Each structure stands twice: as C-alpha cells, then as structure tokens.
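Secondary and tertiary structure notes
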Amino acid sequence: MDAPTLQARRLILRPLALSDAPAIQRHFNNWNIIRNLASVVPWPYPGDGAETFVKLQLSKIAAGEDIYQWVLVLRSGDGEAIGSIDFRPRADGRKGNRGFWLAEPWWNRGLMTEAITAVNDFAFSTLGIESFHVCNVESNMASRRVKQKTGAEFVGYVELPHHNGQTRSEKWIVTRDGWLRHGFRARSSTE
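Only a predicted model underlies this, so the values are computations on that prediction, with no experimental measurement involved.

Our focus in this paragraph is the overall build of the protein chain. Helices and strands together make up the secondary structure of the protein chain, namely six helices and nine strands. The C-alpha atoms of the protein chain give a radius of gyration of 15 Å, which matches the 16 Å a tight globule of 191 residues would have. Buried residues in the protein chain amount to 51% of all 191 residues. Long-range pairs, those at least 24 residues apart, make up 64% of the contacts in the protein chain between residues at least 6 apart in sequence. Of the roughly 9200 Å² of accessible surface on the protein chain, a fraction of 51% belongs to carbon and sulfur atoms. Within the protein chain, the 20 negative side-chain charges are centred at a point lying 5 Å from the centre of the 24 positive side-chain charges.

Laid out in structure tokens, this is it:
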C-alpha cells in the first residue's frame, strides 16, 4: 500500500523511507514523546530503534499490509522528518486506526492539526472510509486537543498500558459525516 504524498499549509507528508531513520532516531528518542505512547514502544529507546522500526514498517507495506505511513516534513525545511503518522484503515485493535508523534521543538504550533487534517481528508475523500477510531492516553492533553480540533467525537475509555504508567486511554471516533459537517474537506490535497 503506497502512501501518497499529502500537502498541508506548512507541511508535506511523504511516505516513510529508510533514509528517515537517522532523523527519527534523533527526534523520537525523547521521554517527553515516548511517555505518552503505548508500552509496546521500547524504552529506553535502543540505538537502532528507528532503523528497526522503519525496516519493519516498510516490510509490512511491501507484504501488502494495509498501512499508510507518512513522515512530516516542513515545507520551509531541509526535508528532514520531524514526526510521523500511521493510518491503518482496517485495523481493529484497541489502539485505533491512527497514531502520530511530533518532535518536541515543533510542539504547540498547530502542525499536527494540519497533518491530521490532511490524513483525515485522504481517509474520507480518497479512500471513502465512513469512520475510524483513534486513541490517546488520558493525560495527553495535546493529543486530545488535536482530536477535538479535527472533528473527532469522544466515545469512551479503553485500557491500554502506556509508558507513563497510565492504562486509561480515551477512545474517539472520526466520521465522514462529522468531517464534512464541520467543513474540513478540501483543506489539504494529494499529489
């Protein structure tokens, strides 16, 4: 499943590549990011963690697994990955269909909201999906705000162990009707 390049106002979301591993390693190996993630992510993060992750994701994609995996790149930057979004349209696990992270120097600038808007538009406009679920550890207010700003509706709680010791996660649904009703469509484009 090849992820198309998506455009946002300040970002380009391009398919994950092995050449992204050094930037991912540098930015992702950060407790402030990993503490909000499910405990399936290794911590302490190993020295080859990003390379192992990228190779695994690329092998799953090559094998035909239904995964769209993007890295976030600043339009005004040097092409370096500063974050990542994965979308699994048919995933049925407790973690939901979409996950993301952004390097700490770029927090609180609205970049993830732009990126999620592009991915949601792709899911509803291009893939024709009717709805999907997303989750975040209950204490991750930034992730909650992104969901609220991009049309997600809270549906309840699920138990999922996180590195910060919490197990209670918020579960949200994002629907095509809600997306269109709130006028999100056409804020992003696919190349």
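Below, the discussion takes up the nonpolar core. Ranked by internal contacts, the top residues of the largest apolar core, which has 49 residues, are Leu11, Leu13, Phe28, Trp70, Leu72, Ile85 and Met112. With nine residues, the top contributor of residues to this core is helix H4 (residues 111-126).

Over its 16 residues, H4 extends 22 Å from the first C-alpha to the last, a length consistent with the 22 Å expected when each residue adds 1.5 Å. Counting buried positions over the 16 residues of H4 gives 14, a clear majority of the element. Downstream of H4 by one or two residues, Gly128 has phi in the positive range, about 75°.

Okay, the pattern of salt bridges next. The tally for this structure, following the rule as stated, stands at eleven salt bridges. Across the pair Lys55 and Glu51 runs a salt bridge whose closest N-O atoms are separated by 2.9 Å. Taken together, the residues Lys55 and Glu51, both in helix H3 (residues 49-62) and four residues apart, mark about one turn of the helix. Residue Glu51 is classed as partly exposed on the basis of its relative accessible area of 38%. Across the pair Arg88 and Asp86 runs a salt bridge, and its minimum N-O distance is 2.3 Å.

With that settled, consider the confidence of the model for the protein chain. In this model, the protein chain carries a mean pLDDT of 92, and residues with pLDDT of at least 70 account for 95%. Note that residues 186-191 has pLDDT below 50 and, in this model, 16 contacts with residues that lie over four places away or in other chains.

For helix H5 (residues 141-149), the set of buried residues is Ser143, Arg144, Val146 and Lys147. Within H5, the buried residues cover an arc of 160° as seen down the axis, which keeps them to one side. Among the structural elements, strand S5 (98-102), H4, strand S6 (131-137) and strand S8 (168-175) are those in contact with the buried residues of H5. Gly151 sits one or two residues past H5 and shows a positive phi near 85°.

Attention shifts here to the side chain of Gln69. Locating Gln69 in the fold gives a position in strand S3 (residues 68-74). A polar contact is formed between the side chain of Gln69 and the side chain of Ser84, at a distance of 2.8 Å.

Calculation rules
Residues numbered from 1 in each chain as written. Predicted model: local features only at pLDDT ≥ 70, side-chain atom pairs only at ≥ 80, totals over all residues. Heavy atoms only, no water. Helix = DSSP H or I, 4+ residues; strand = E, 2+ residues; numbered from the N terminus. Rg over C-alpha atoms; globule rule 2.2 N^0.38 Å. Buried < 20%, exposed > 50% of the residue type's maximum accessible area, 1.4 Å probe, protein only. Contact = heavy atoms within 4.5 Å. Areas by Shrake-Rupley, 256 points an atom, 1.4 Å probe, with all protein chains shown as cover. Lys, Arg positive; Asp, Glu negative; His and termini not counted. Charge placed at Lys NZ, Arg CZ, Asp CG, Glu CD. Core = buried A, V, L, I, M, F, W, Y, C linked by side-chain atoms within 4.5 Å. Expected span 1.5 Å × (residues − 1). Salt bridge = Lys/Arg side-chain N within 4 Å of Asp/Glu carboxyl O. pLDDT = per-residue confidence, 0-100. Arc of directions from axis to C-beta. Polar contact = N/O pair within 3.5 Å; in protein donor to acceptor, adjacent residues only side chain to side chain.

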